[in-house]
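# Structure at a glance
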Protein chains: 2
Amino acid sequence: MLEHKVKLAIVDDHLIVLEGLQKLLTSAGDIEIAGSFTTGNAFIEFLKSNTVHIVLLDITLPDVNGMDLCREIKKIAPDTHVLGLSNHSERSMIVQMLHNGATGYLLKNVSAEELTQCIHEALNGQVTFSKAVREIMARPSMSELKGVPQLTKREKEILQFIADGKTTSAIAAELFLSPLTVETHRKNLMQKFEVKNVAALIKEAVQRHMI
Amino acid sequence: MLEHKVKLAIVDDHLIVLEGLQKLLTSAGDIEIAGSFTTGNAFIEFLKSNTVHIVLLDITLPDVNGMDLCREIKKIAPDTHVLGLSNHSERSMIVQMLHNGATGYLLKNVSAEELTQCIHEALNGQVTFSKAVREIMARPSMSELKGVPQLTKREKEILQFIADGKTTSAIAAELFLSPLTVETHRKNLMQKFEVKNVAALIKEAVQRHMI
DNA sequence: ATTAAAATCCGGGAAAACCAGTAGTTGAAA
DNA sequence: TTTCAACTACTGGTTTTCCCGGATTTTAAT
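Quick summary incoming for the structure in this document.

This part is about the relation of the copies chain B and chain A. After a rotation of 180 degrees and a shift along the axis of 0.0 Å, chain B superposes on chain A with an RMSD of 0.3 Å. A rotation of that kind, with that shift, is consistent with a two-fold axis. Nearest to the rotation axis, the C-alpha of B:Gly20 is located 1.6 Å from it, this being the minimum over chain B. Looking at the interface residues of chain B, 100% of them are also at the interface in chain A, so both copies use one shared face.

Here the focus is the sheet that holds strand 2 (residues 31-37) of chain A. Residue and element names in this part refer to chain A. Strand order in the open sheet made by the six strands is 2-1-3-4-5-6, with parallel pairing throughout. Bordering the open sheet on either side are strand 2 and strand 6 (128-129), each of which pairs with just one other strand. Where strand 1 (residues 6-11) and strand 3 (residues 54-57) come together, four bridges link them in parallel fashion. Across the sheet, the residue bridging to Val11 is Leu57, located in strand 3. Sheet strands in contact with helix 1 (residues 15-26) are strand 1, strand 2, strand 3 and strand 4 (81-86), and its direction is about 175 degrees off that of strand 2.

Bringing the packing of aromatic side chains into the picture now. In total, this model carries four aromatic pairs over all chains according to the counting rule given. An aromatic cluster of three or more residues is present, and its members are A:Phe37, A:Phe43 and A:Phe46.

Looking at DNA strand D, there are 18 residues lining it, with A:Thr152, A:Arg154, A:Thr181, A:His185 and B:Arg186 nearest. What you see for DNA strand D is that sugar and phosphate hold 65% of its atoms within 4 Å of the protein. Between DNA strand D and A:Ser178, the relevant distance is 2.8 Å, taken from a phosphate oxygen to a main-chain nitrogen or oxygen of the residue. Residue B:Val198 places a main-chain N or O atom 2.9 Å away from a phosphate oxygen belonging to DNA strand D. Contributions of two or more residues to the surface near DNA strand D are made by helix 8 (153-163) and helix 10 (179-193) of chain A together with helix 10 (179-193) of chain B.

Our focus in this paragraph is empty space enclosed by the protein. As enumerated under the stated definition, the model contains one cavity of 30 Å³ or more in all. Size it by volume and the largest cavity reaches roughly 40 Å³. Lining the largest cavity we find A:His14, A:Val17, A:Asn87, A:Lys108, B:His14, B:Val17, B:Asn87 and B:Lys108. Of the residues that constitute the lining of the largest cavity, the class distribution is two nonpolar, four polar and two charged.

A word on the protein's contact with DNA strand C. Close contacts around DNA strand C come from 18 residues, with B:Thr152, B:Arg154, B:Ser178, B:Thr181 and B:His185 the closest. Within 4 Å of the protein, the atoms of DNA strand C are drawn from sugar and phosphate moieties in a proportion of 69%. Taking B:Thr184, its side chain carries an N or O atom lying 2.8 Å from a base nitrogen of DNA strand C. The separation between a phosphate oxygen of DNA strand C and a polar side-chain atom of B:His185 is 2.8 Å. When contributions to the surface near DNA strand C are tallied by element, the ones reaching two or more residues are helix 10 of chain A together with helix 8 (153-163) and helix 10 of chain B. When the residues that make up the surface near DNA strand C are grouped by side-chain class, the tally is four nonpolar, eight polar and six charged.

Conventions used here
- Residues numbered from 1 in each chain as written.
- Chains lettered and ligands numbered in written order.
- Predicted model: local features only at pLDDT ≥ 70, side-chain atom pairs only at ≥ 80, totals over all residues.
- Heavy atoms only, no water.
- Least-squares fit on C-alpha atoms with pLDDT ≥ 70 in both.
- Contact = heavy atoms within 4.5 Å.
- Pairing = 2+ DSSP bridges.
- Helix = DSSP H or I, 4+ residues; strand = E, 2+ residues; numbered from the N terminus.
- Axes fitted to C-alpha atoms, helices over the stretch in contact; angles between N-to-C directions.
- Phe/Tyr/Trp six-rings, centres within 6.5 Å; stacked < 30°, edge-to-face > 60°.
- Near = heavy atom within 4 Å.
- Polar contact = N/O pair within 3.5 Å; in protein donor to acceptor, adjacent residues only side chain to side chain.
- 1 Å grid on protein atoms, 1.4 Å probe; cavity = no way out; pocket = protein on both sides within 12 Å on 5 of 7 lines; lining within 4 Å.
- Points joined across faces, edges and corners; volume = space filled by probe spheres on them.
- Nonpolar A, V, L, I, M, F, W, Y, C, P; charged D, E, K, R; others polar.

Laid out in structure tokens, this is it:
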């Protein structure tokens, strides 16, 4: 009977992925596709007047960030389970999604069987990951364990200038500061990233998409 | 009649994408899915004994790089058209695919109509891009126009060490070289990247996935 | 065998960064 | 009002990088 089926929604910016997921899930008899959305806001509008048991949620969306959207979904519909479904494989992304209320996380290389299984586990309230995500979670890198350094507004500004190749005195002139002030900010940045020079600083910052 | 249909293959590591593309293309009556492959080698084996008029080819595959695969496909089957279909939106990637023999390039946010249209244009021998790719090609950034610097083996090695935060004298000790040698390599690296200091060098290198 | 590229090393100097602290002011939070 | 964080600036020094050339040797390509 229809009311016993799982109402599932899909939010992804790629039509190809929407079609593929629908095809994969249609053969799972107990899942009903409640809707497919290419933007976060379209889904939020839908959610306000429809019941969705579980949503497959991409992180990269054209209008909002999937992580922020996750938080918003949980506000509007706390009983709706959210499964992240993305190509982003960084542990920090995965953890952030869970922190924002997601019940699980899958990479897009998930198999059909796994997808269905994860959906059911999530509906049972189990935190669930696809195999590839479990492997990532099982061996975190040092930088992932450390977390992302929290920078002040000025530090971010200085960091951007440094990455653009500007010297301390050039930055000072541009921001109407003393070069000694800029030096202090550099020192603080290097302490936060636990590095000893600018090369390592910029590498870490770029790899964490802070620049 | 069957023999008048376009024989199309799909190579993508994501099952979801394979299913989605098949669903989208099945409704286009004149296209026949000759096969779907999640690895480059599987497709190459197939291609050796089957006719494929056109292939939709992802760049990120588990066993080979899609760009190298493109070149190999054109060697084995010069008449097979290759359309890149990827999330990679860097102009350098697009140009490299064309350089390796692709007839066109689409981003995965392509619409169903566009997909079909691009397939037909490619079959007509026209270099074709999805709308999003045309926009990218219409306004290249300075760094994209410059191309990726070609580094020697030693330069790559030195660059990696620099990015790891090592000083010139530390690198020299590790490689059993004179610090002056390392200095010269640094100088050459900065000339190739057209930057003035290590911060800008590392930023460029990381952003181009050279580190 | 010849040529070209890569790799090596150097002089001399100036500029810039890094180090390890210290301290005052301002604005936001409690 | 008080406390705290952010931002500011400084001392005195050392280390490192960048600059602008130049040159020889080794390896790879022709």
